[in-house]
Amino acid sequence: MSEHHIAVTINGRLHQATVEGRQVLGDFLRVTAGLTGLHLGCEHGVCGACTIIVDGKAVRACLMLAAQADGTSITTVEGLAAPDGTLHPVQQALRDAHGLQCGFCTPGIVMTLAALMQAPAPATEETLLAAMSGHICRCTGYQGIRRAIRALTARPPGEPA
Amino acid sequence: MNAPIGAGRFIGQRLPRTEDARLLTGRGLFTDDVVLAGMLHVAFVRSPIARGRIVSIDAIAAGGLPGVHAILTASDLAVLRIDMLNFFLAVPDIAIGPLASGRVAYVGDPVAMVIAADRYLAEDAAGLVAVEYAEEIPTVTISDAKRTGADPVHAGTESNEAAAMGDPEDDAIEAVLAAAPHLVSASFTHQRISQSPMEARGVVAARRGGELTVYISCQSPQLVARYLAQAFGLPPANIRVIAKDVGGSFGLKSIPWREEVAVIAAGMLLGCPLKWTEDRLENLTASNHAREQELTLRVGFDAEGRMLACHADYGINNGAYPHGADANIAVMMFLWAAYKMPQFSFLARGWYTNTPGLGAYRGPWAIETQVREVLLDMAARQIGIDPIELRRRNLITKADQPCTTPLGIVLEDITPAECLDKLLEAVDVAAFRAEQAAARAQGRHLGLGVAAYIEPTAGSTGIAVLATDVAQIRIEPTGRVTAILSTHSQGHGTQTTMAQVIAETLGVGFDAVSVFEDDSSRGGFGAGASGSRQAVAGGGAAIRASAILVDKVTRIAAHLLNANPAYVRIEDGMVHVAGVAEMTRSLREIAEIAYGEPDRLPPGMEPGLEAQYRYRPPPITFTSAAHACIVEVDTETGFVSIKRWVCAEDCGVMINPAVVEGQIAGGLAQAIGAVLLEDMAYDANGNPTTATYKDYLLPAISDVPDFEYIHASTRSKAEGGFRGVGEGGAIIGPPTLINAIADALSPFGARCLDTPLTPSRILDLIAGRTSAKRHEAAGPAAEKATMPPPPAPPAAPPSPAKAAVDGLWKMVLATPMGPQEMTGRFETDGETLRGRLDSAQGAQDFQGKVSGTHLKWEMKVTKPVSITLKYDIQIDGDKLTGKVKMGFFGTAKVTGVRA
Ligand code: FES
Ligand code: FES
């Protein structure tokens with residue numbers, strides 16, 4: 001089995017490790033890096049629970065190998081809130097809108113919305129809703145997620161997203 | 001006791017949830033997040049065939065892989081005596097082991113388990129375990145199971161009938177149906193559903209320090225602890241079950257099942273911590289499923305559309321190893337409960353097949369509302385009456401109550417008719433009909449569906465494990481409040497809602513209350529999330545325990561301050577004496593005295609501020625609702641789009657309306673999935689054909705519309721006035737949507753009898769084509785033809801048989817409320833049988849007849865209703881089987897062994 005030395009920046013800190021060629025990035029982050037906020041709901045790219053941000057883009061950690069992450073910068077849900085604990089606007093919007101129940105799908109939803117809401121071109125309601133169709137939530141019937149998206153995109157022009 | 005409910009400082013408020021702070025930041029603790037030192041990982045070797053004998057298992061190559069610690073089969077686990085239990089915590093009729101022993105009974109049946117250093121290695125090794133099978137022809141569908149002559153799924157059984165209640169036909173009802181001005185009949189089928197919680201099952205087990213610690217994804221750590229104590233014969237004190245965050249369950253995780261028990265057993269044998277996390281393939285194909293059913297209804301109406309009588313014939317696929325062998329009698333109990341149905345008879349049967357076992361799923365009896373409400377729309381079309389008017393003529397209104405349903409359920413405060421009225425204030429039917437006509441003129445097909453129902457919640461009678469819940473609440477010396485409850489959240493948000501109830505009742509701030517419900521060693525027994533019970537049973541317990549503390553604080557403050565207790569109030573964590581501001585003390589000051597200066601307390605008072613209350617809610621608390629939905633069906637593609645959905649629900653006093661609406665919405669989304677998308681399908685050989693989420697389609701955000709809510713909020717008789725709301729959306733959602741689709745397709749004369757209504761099935765309906773499934777499900781006549789013959793009359797007795805009959809017998813009666821254990825004493829004297837039955841309900845003597853080893857007797861009981869029980873029992877060696885006719889409740893199976 002092939003082994004690879006990787007260096008990845010995760011939530012601003014450099015991690016170095018030797019990984020097996022076949023190790024999935026999601027398993028690496030959960031098991032090796034201990035970042036259990038990332039959840040594996042299907043391991044075949046459908047549910048979206050494993051979504052993280054890799055070099056600015058929302059990525060499914062179950063469809064990427066750890067070895068492929070060498071040299072990248074990754075943000076997981078643990079790295080999103082401010083150091084003082086202030087929630088990211090996406091997290092706050094979901095909280096205000098009762099956008100979660102069991103919370104298993106939630107980290108993935110947070111990361112996709114956060115990736116798409118990044119400056120300088122935060123997404124529109126339509127784009128966010130379309131992106132959400134790639135996430136499965138079995139609990140909420142998506143009502144609060146939709147309310148959160150509306151709240152996030154309804155900001156008066158000029159205000160920071 | 002009437003606990004004080006304040007003006008709703010917290011109860012009734014849409015407070016943000018406490019849970020969300022950790023869940024949104026990735027700091028929850030789900031079972032797979034748990035890591036223990038020295039922990040090894042489990043992967044299962046599973047059967048690739050639906051039925052057969054295990055000829056050999058060769059694990060030599062697999063065992064030689066580096067990192068593999070052990071490979072265990074059923075014979076290895078057999079050194080531990082493990083009793084798998086059903087949901088009632090009773091030992092099932094059929095033999096069920098954690099791993100397959102000698103035979104496999106479904107694709108996915110666990111045959112062996114590999115224990116290795118990590119999951120990758122465990123799966124590598126599992127792939128190398130070579131199992132040879134002698135394959136046999138499987139029984140896959142209900143119609144396969146009904147076929148007589150086929151080898152039963154379970155050795156030692158006579159047929160595939162897992163459970164049965166009721167009678168094939170009732171002469172009186174047949175006569176009414178034959179003479180009815182309108183007879184409406186239809187046979188419906190419901191596909192198999194995978195509960196699909198986003199977090200699949202999982203367990204981490206470690207036996208250390210004289211304690212078995214189990215982290216498990218479940219619906220109640222308390223129930224799991226009790227299950228394991230009983231299954232493994234361990235003293236409960238040595239078992240600790242922890243479930244902090246659980247990623248949904250919906251009925252699937254109501255009891256630990258084969259894989260979880262196997263992992264715990266293996267951990268005990270190997271003496272090291274083990275983890276198993278179910279992957280999605282396993283969850284879809286090897287977890288228990290739900291809902292595969294068929295139901296034929298025949299309903300007679302008078303000329304005005306009033307119902308006269310009904311017969312129902314029902315079957316449910318139990319799979320190989322159900323969580324409880326089940327004829328799903330609740331379907332019959334609630335089928336007509338909200339309607340005036342003068343006469344009703346039924347036959348309900350459960351069938352074993354070579355598929356994964358039957359588990360619970362949100363509203364396990366939901367097909368009653370689905371089929372009734374869809375049939376009422378068909379009846380309206382057939383009779384030529386408006387479907388809403390037809391419901392109005394038959395629904396039970398406030399004026400009709402109190403009353404008792406044909407199956408003995410007392411109704412006092414149901415409001416489906418009132419919910420329907422409220423619904424129709426929001427939905428302008430006349431305007432819709434005009435819009436529909438205009439759209440049709442342009443070739444567009446809109447439809448409106450309406451449905452009404454009642455939902456039994458927080459039942460506290462019959463099923464022993466669901467009878468009570470407990471709240472243990474302390475005002476700590478710091479003034480903070482700690483509550484340990486037997487509720488449990490898999491997304492329900494009970495840490496929030498229970499804190500709202502407690503803060504309201506105690507008069508403290510919401511943030512001052514910490515709720516714990518995640519560890520069996522912290523508090524007392526309760527079934528957690530089951531039967532839409534937590535607001536009612538847990539909320540009631542929380543109010544009463546809090547009220548005890550309010551009383552105690554009041555008495556202490558009155559004593560300390562020399563004030564009249566009637567003037568003492570707790571508000572916002574401060575204890576006030578009315579009109580004397582300088583007497584105000586903080587709760588903390590009172591608490592410090594209560595714990596630390598007992599001499600200052602009223603004479604004889606127990607120190608501390610700790611209270612416990614175990615609450616039994618009323619026998620059943622009903623929630624009512626009426627829903628409406630508007631759809632457009634694209635007749636070119638068969639695609640359904642939902643335009644509007646309005647819900648008028650009466651779930652009593654709401655603790656947190658946002659949580660209530662979340663429960664309704666989640667259930668409705670699952671309803672939409674069941675009607676349009678989801679189908680856990682099997683081919684003729686018993687192979688699952690929807691083994692990924694690319695094949696098993698769950699509703700996405702684009703499939704679910706915005707829901708509109710109208711809350712009626714009639715106080716219930718339960719403490720707090722709450723009613724349950726956990727399952728309702730999944731019960732009333734399906735017929736609301738199906739009726740809307742059928743309305744849209746009414747120009748094509750389509751009858752929507754089978755779900756899911758996928759685009760291709762809708763195109764079939766439009767084209768008037770019959771789906772393949774339909775060919776099997778024929779009308780009532782064919783039902784009769786395929787029914788197994790009645791049990792043959794017992795052969796002439798080889799006499800004397802006294803020795804074979806007389807003595808003590810341990811018997812189990814499969815009642816609609818779950819198994820009931822009894823001890824029977826028989827004594828024969830010629831052809832006369834004398835005896836006594838002893839059960840938790842009491843003891844009763846009887847006299848009857850014996851013919852060889854065939855016993856018959858009758859006995860009258862008065863609880864819960866007055867009926868005559870007619871027993872018909874056959875003894876064979878040390879075993880006893882038979883049935884008991886229970887008047888209106890139909891027929892129940894009896895089994896027994898010599899005591
Ligand atoms: S776990 Fe990656 S998409 Fe489901
Ligand atoms: S909150 Fe449970 S799956 Fe989304």
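These notes cover the structure that comes with them. (Residues numbered from 1 in each chain as written. Chains lettered and ligands numbered in written order. Predicted model: local features only at pLDDT ≥ 70, side-chain atom pairs only at ≥ 80, totals over all residues. Heavy atoms only, no water.)

The next point concerns the overall build of chain A. If you tally the helices and strands in chain A, you get five helices and five strands. Reading chain A from its N end, one meets helices and strands in the order β-β-α-β-β-β-α-α-α-α. Over its C-alpha atoms chain A spans a radius of gyration of 16 Å, differing by no more than 12% from the 15 Å that the globule rule assigns to 161 residues. Considering only residue pairs separated by 6 or more positions, chain A has 53% of its internal contacts joining residues 24 or more positions apart. Carbon and sulfur atoms provide 53% of the accessible area of chain A, an area that totals close to 6,500 Å². Across chain A, 11 positive and 12 negative side-chain charges occur, with their mean positions spaced 8 Å apart. (Helix = DSSP H or I, 4+ residues; strand = E, 2+ residues; numbered from the N terminus. Rg over C-alpha atoms; globule rule 2.2 N^0.38 Å. Contact = heavy atoms within 4.5 Å. Areas by Shrake-Rupley, 256 points an atom, 1.4 Å probe, with all protein chains shown as cover. Lys, Arg positive; Asp, Glu negative; His and termini not counted. Charge placed at Lys NZ, Arg CZ, Asp CG, Glu CD.)

Moving on: the nonpolar core. Residue and element names in this part refer to chain B. M332, I741, F826 and Y871 are the most contacted members of the largest nonpolar core, which totals 183 residues. What Y871 contacts, discounting residues up to four positions off in sequence, is L813, M822, L837, L855, K856, W857, M859, K883, V884 and V894. Membership of the second largest hydrophobic core comes to 59 residues, among which are V203, I255, V261 and F525. (Core = buried A, V, L, I, M, F, W, Y, C linked by side-chain atoms within 4.5 Å. Buried < 20%, exposed > 50% of the residue type's maximum accessible area, 1.4 Å probe, protein only.)

Residues and elements named next belong to chain B. By secondary structure assignment, the location of P256 is in the loop between β11 (239-242) and α8 (258-270). What makes P256 buried here is its relative accessible area of 1%. Spatially, the C-alpha atoms of P256 and R480 are 35 Å apart, while their sequence positions differ by 224 residues. Not counting chain neighbours up to four residues away, the residues in contact with P256 comprise I216, V224, Y227, L228 and V261.

What follows concerns the sheet that holds strand β25 (residues 610-615) of chain B. All names here are of chain B. Spatially, β21-β20-β19-β25 is the arrangement adopted by the four strands of the open sheet, whose pairing is mixed. In this open sheet, the two strands that pair with only one neighbour each are β21 (513-516) and β25. The average angle at which neighbouring strand axes cross in this sheet is 15 degrees, direction not considered. With six bridges joining them, strand β19 (residues 469-475) and β25 adopt antiparallel strand pairing. When the bridges of β25 are listed, V470 appears paired with R614. Sitting on the sheet, helix α15 (residues 494-506) is in contact with β19, β20 (481-485) and β21, with an inclination near 135 degrees to β21. Of the strands in this sheet, β19 and β25 touch helix α16 (residues 534-561), which is tilted by about 145 degrees from β25. (Pairing = 2+ DSSP bridges. Axes fitted to C-alpha atoms, helices over the stretch in contact; angles between N-to-C directions.)

Before going further, it helps to spend a moment on the interface of chain A and chain B. Between chain A and chain B, the residue contacts involve 43 residues of the former and 57 residues of the latter. Area buried by chain A at its contact with chain B is led by R95(A), H98(A) and R138(A), which between them contribute 22% of it. Joining chain A to chain B, the criterion identifies 26 residue pairs in polar contact (both at pLDDT 80 or more). Breaking the side of chain A that touches chain B down by element, the ones donating at least two residues are α1 (25-32), α2 (89-96), α3 (106-116), α4 (125-132) and α5 (143-153) of chain A. The element contributing the most residues to the side of chain A that touches chain B is α5(A), with four residues. (Buried area = accessible area lost by both parts, 1.4 Å probe. Polar contact = N/O pair within 3.5 Å; in protein donor to acceptor, adjacent residues only side chain to side chain.)

Before going further, it helps to spend a moment on the sheet that holds strand β1 (residues 40-46) of chain B. Residues and elements named next belong to chain B. In spatial order, the strands read β3-β5-β1-β12-β9-β10-β11; together these seven strands make up an open sheet with mixed pairing. Looking at the sheet topology across the chains shown, the edges are occupied by β3 (68-73) and β11. Adjacent strand axes in the sheet meet at a mean angle of 20 degrees when their direction is disregarded. Packing of helix α7 (residues 221-232) onto the sheet brings it into contact with β10 (211-216) and β11, and relative to β11 it is tilted by some 145 degrees. Those strands touched by α8 are β1, β3, β5 (110-116), β9 (202-208), β10 and β12 (274-277), and its axis lies near 45 degrees from that of β5.

Another point: the environment of R207(B). All names here are of chain B. Relative to the assigned elements, R207 resides in strand β9. Assessed through its relative accessible area of 44%, R207 is described here as partly exposed. The spacing of R207 and G271 is 64 residues in sequence and 6.7 Å in space, taken between C-alpha atoms. Beyond its immediate stretch of four places on either side in the chain, R207 contacts L212, L234 and M268.

A cis amide bond links A119(A) to the next residue, P120(A), at an omega of 10 degrees. Relative to the elements of secondary structure, P120(A) occurs in the loop between α3 and α4. The residue after T755(B), namely P756(B), is reached through a cis peptide bond having omega 0 degrees. In this structure, P756(B) sits in the loop between α19 (728-744) and α20 (759-767). For L89(B), which is not a glycine, the phi torsion comes out positive at approximately 65 degrees. Assignment of secondary structure puts L89(B) in the loop between α3 (74-77) and β4 (103-104). Take L89(B): its relative accessible area is 7%, and that puts it in the buried class. Phi is positive for S532(B), close to 45 degrees, though the residue is something other than glycine.

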